[in-house]
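# Structural features, examined
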2 protein chains.
Amino acid sequence: MTQQEMYSLIDRSQVASLGYTDENGRQNIRMVFSTFHKGIGVHLISTNTSSSHVQSLLKNENACLYFSDPSTFEALCLSGRAVIHFDREYKEMLWHPQDVQYYPGGVEDEDYCVVEFIAESGRFYSGSSENYKGDITGQEIEAMTAGRTFTDHRVEA
Amino acid sequence: MTQQEMYSLIDRSQVASLGYTDENGRQNIRMVFSTFHKGIGVHLISTNTSSSHVQSLLKNENACLYFSDPSTFEALCLSGRAVIHFDREYKEMLWHPQDVQYYPGGVEDEDYCVVEFIAESGRFYSGSSENYKGDITGQEIEAMTAGRTFTDHRVEA
């Protein structure tokens, strides 16, 4: 995959799979809405504080975020860590008026929080025979993230 | 989700997401073909011995297998362990003649092996408002697996 293909895959995705380990050392995967990106290195996800993945990530921040497009046979697995934010700054940045259906208390709702996923390495898979799969180093991720700003690629239903 | 809905989701899926931890303690997700099931508890996956997920699972068997259907908003995350088989019995059971394109040496190809995923607990998510999400215990998984035989649900392209 070229760098442009990686940006494109991430930016057009609306959901991603979040991989994490729970309190019992068990692996888990959960689908999350992930449309708020800074380059390929940082991703913000609004979610429920009470969710089991948030409770698990508060105890073990190791996680991965997996983007894929079955129509192009492309996939990108970013490994790194997840930081949970409860402060207003993050919560306001991601807030959409329609989120009130999930968080009746609005931006200040205690069940509303933001997961910041920070990628440290990655691996890509693509349908093309050349460079079918390959690793992405932390340095490459940094170069593909530095100087960029957070952008929300959410497509309204 | 009802038990019947769980069987149906697994049986009609052709791929699943495999979550695991690599040698550096990093979370990873990889898409795998998963069509060979015994109930909901045991799943056989043919794959490349040289793949990074096999090498990681040989060192840390904790894994999860995630089935999902975006069209019905159903998802099932099974947590458990992965055992790698190199013996002919398993390799013959999963072999399809067309697999020779991936494993030129046939059933005996050293790069061909079988991952046996054994579920120990689970969690489901469904689009319906009733029982939107819930846990599945090891006992429930056993009851939904005992007495069943391996069946291949692969749909030929």
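Going by the structure above, here's the rest.
Every value quoted in this text rests on a predicted model; they were computed, and no experiment measured them.

### Regarding the overall build of chain A
When helices and strands are counted, chain A shows four helices and nine strands. Seen in sequence order, chain A has helices and strands lined up from the N terminus as α-β-β-β-β-α-β-β-α-β-β-α-β. Its C-alpha radius of gyration of 16 Å places chain A within 12% of the 15 Å reference for a compact globule of 157 residues. Referenced to the eigenvectors of the C-alpha coordinate spread, the extents of chain A come out at roughly 50 × 35 × 30 Å. Burial analysis of chain A (157 residues in total) assigns 51% to the buried set. Accessible surface, chain A as shown: approximately 7,500 Å² in total, 49% of it carbon and sulfur. The averaged location of the 23 negative side-chain charges in chain A is 4 Å from the averaged location of its 12 positive side-chain charges.

### So, the pairing of strand 7 (residues 112–125) of chain A
All names here are of chain A. For strand 7, the buried fraction is high: 13 of the 14 residues fall into the buried class. Pairing between strand 4 (residues 42–48) and strand 7: seven bridges, direction antiparallel. Looking across to strand 7, one finds that Thr 47 is bridged to Cys 113. Bridge analysis of strand 7 against strand 8 (residues 133–136) gives four bridges, and the strand direction is antiparallel. Along strand 8, the bridge assignment pairs Phe 124 with Gly 134.

### Let's talk about the packing of aromatic side chains
Each aromatic ring pair is summarised here by two numbers: the centre-to-centre distance and the angle between the ring planes. Under the criterion given, the structure shown has twelve aromatic pairs over all chains. On the numbers, 6.4 Å between centres and 65° between planes, the contact of Tyr125(B) with Tyr132(B) is edge-to-face. The exposure class assigned to Tyr125(B) is buried, which follows from its relative accessible area of 7%. Counting every residue linked through ring pairs, the aromatic cluster contains Trp95(A), Tyr102(A), Tyr103(A) and Tyr112(A). Lying across the ring of Tyr7(A), Arg148(A) places its NZ or CZ 4.0 Å from the centre.

### Examining the interface of chain A and chain B
Each side of the interface is counted separately: chain A has 27 residues, and chain B has 27 residues. Inspection of the chain A/chain B interface yields zero salt bridges. Seen at the junction of chain A and chain B, the total is six residue pairs in polar contact (both at pLDDT 80 or more). Mapped onto the side of chain A that touches chain B, the elements with two or more residues apiece are strand 1 (15–21), strand 2 (27–33), strand 5 (62–69), strand 6 (74–85) and strand 7 of chain A. By residue class, the composition of the side of chain A that touches chain B is ten nonpolar, twelve polar and five charged.

### Notes on helix 1 (residues 3–12) of chain A
Residues and elements named next belong to chain A. For helix 1, the complete set of buried residues consists of Met 6, Tyr 7, Leu 9 and Ile 10. Take helix 1 and look down its axis: the buried residues cluster within an arc of 160°, on one side only. Considering only its buried residues, helix 1 is in contact with strand 3 (36–38), strand 4, strand 5, strand 6, strand 7 and strand 8.

### A closer look at the relation of the copies chain A and chain B
Each copy superposes on the other: chain A lies on chain B with an RMSD of 0.0 Å after a rotation of 180° and an axial shift of 0.0 Å. What we have between these two chains is a two-fold relation. Closest to the rotation axis within chain A is the C-alpha of Gly19(A), separated from it by 3.2 Å. A share of 100% of the interface residues of chain A reappears at the interface of chain B, consistent with the copies meeting face to face through the same patch.

### Observations concerning the environment of Gln139(A)
All names here are of chain A. The residue Gln 139 is located in helix 4 (residues 138–143) in this model. On the basis of relative accessible area, Gln 139 is assigned to the exposed category, the value being 70%. Taking the C-alpha atoms as reference, Gln 139 lies 8.5 Å from Ser 121; in sequence the two are 18 residues apart.

Definitions and limits used
- Throughout this description, residue numbers start from 1 for each chain and increase along the sequence as written.
- For this description, chains carry letters from A and ligands carry numbers from 1, given in the order in which they are written.
- Local features in a predicted model are, by the rule used here, given only for residues with pLDDT of at least 70; side-chain atom pairs are given and counted only at 80 or more, and totals for whole chains, interfaces and linings are based on all residues.
- Hydrogens and water are ignored here; the side-chain numbers use all heavy atoms of the structure.
- Strands here mean DSSP runs of E at least two residues long; helices mean DSSP runs of H or I at least four residues long; both are numbered from the N terminus.
- Atoms counted for the radius of gyration: C-alpha only. Globule rule: 2.2 Å times the number of residues to the power 0.38.
- Remark: exposure states derive from per-residue accessible area (1.4 Å probe, protein chains only) relative to the maximum for the residue type, with buried under 20%, exposed over 50%, and partly exposed in between.
- Note on areas: Shrake-Rupley with a 1.4 Å probe; residue coverage comes only from the protein chains shown.
- Two residue types count as positive, namely Lys and Arg, and two as negative, namely Asp and Glu; His and chain ends fall outside the count.
- Each charge is placed at NZ for Lys, CZ for Arg, CG for Asp and CD for Glu.
- Being paired, for any two strands, means DSSP has found at least two bridges between them.
- Only rings of Phe, Tyr and Trp enter the pairing, Trp through its six-membered ring, and a pair is recorded when the two centres are within 6.5 Å. The plane angle decides the type: under 30 degrees is stacked, over 60 is edge-to-face, the rest tilted.
- Lysine NZ or arginine CZ positioned within 6 Å of the ring centre and within 35 degrees of the ring normal marks a charge as sitting over the ring.
- We call two residues in contact whenever any of their non-hydrogen atoms come within 4.5 Å of each other.
- Salt-bridge detection follows one rule: a side-chain nitrogen of Lys or Arg within 4 Å of a carboxyl oxygen of Asp or Glu.
- Here a polar contact is taken to be a pair of N or O atoms separated by no more than 3.5 Å, where protein atoms must pair a possible hydrogen donor with a possible acceptor and residues adjacent in sequence count only if both atoms sit in side chains.
- Each residue is assigned to one of three groups, with Ala, Val, Leu, Ile, Met, Phe, Trp, Tyr, Cys and Pro labelled nonpolar, Asp, Glu, Lys and Arg labelled charged, and all others, Gly among them, labelled polar.
- The directions from the helix axis to the C-beta atoms are what the arc is built from.
- All copies are superposed by least squares; the fitting set is the C-alpha atoms of residues with a pLDDT of at least 70 in both.

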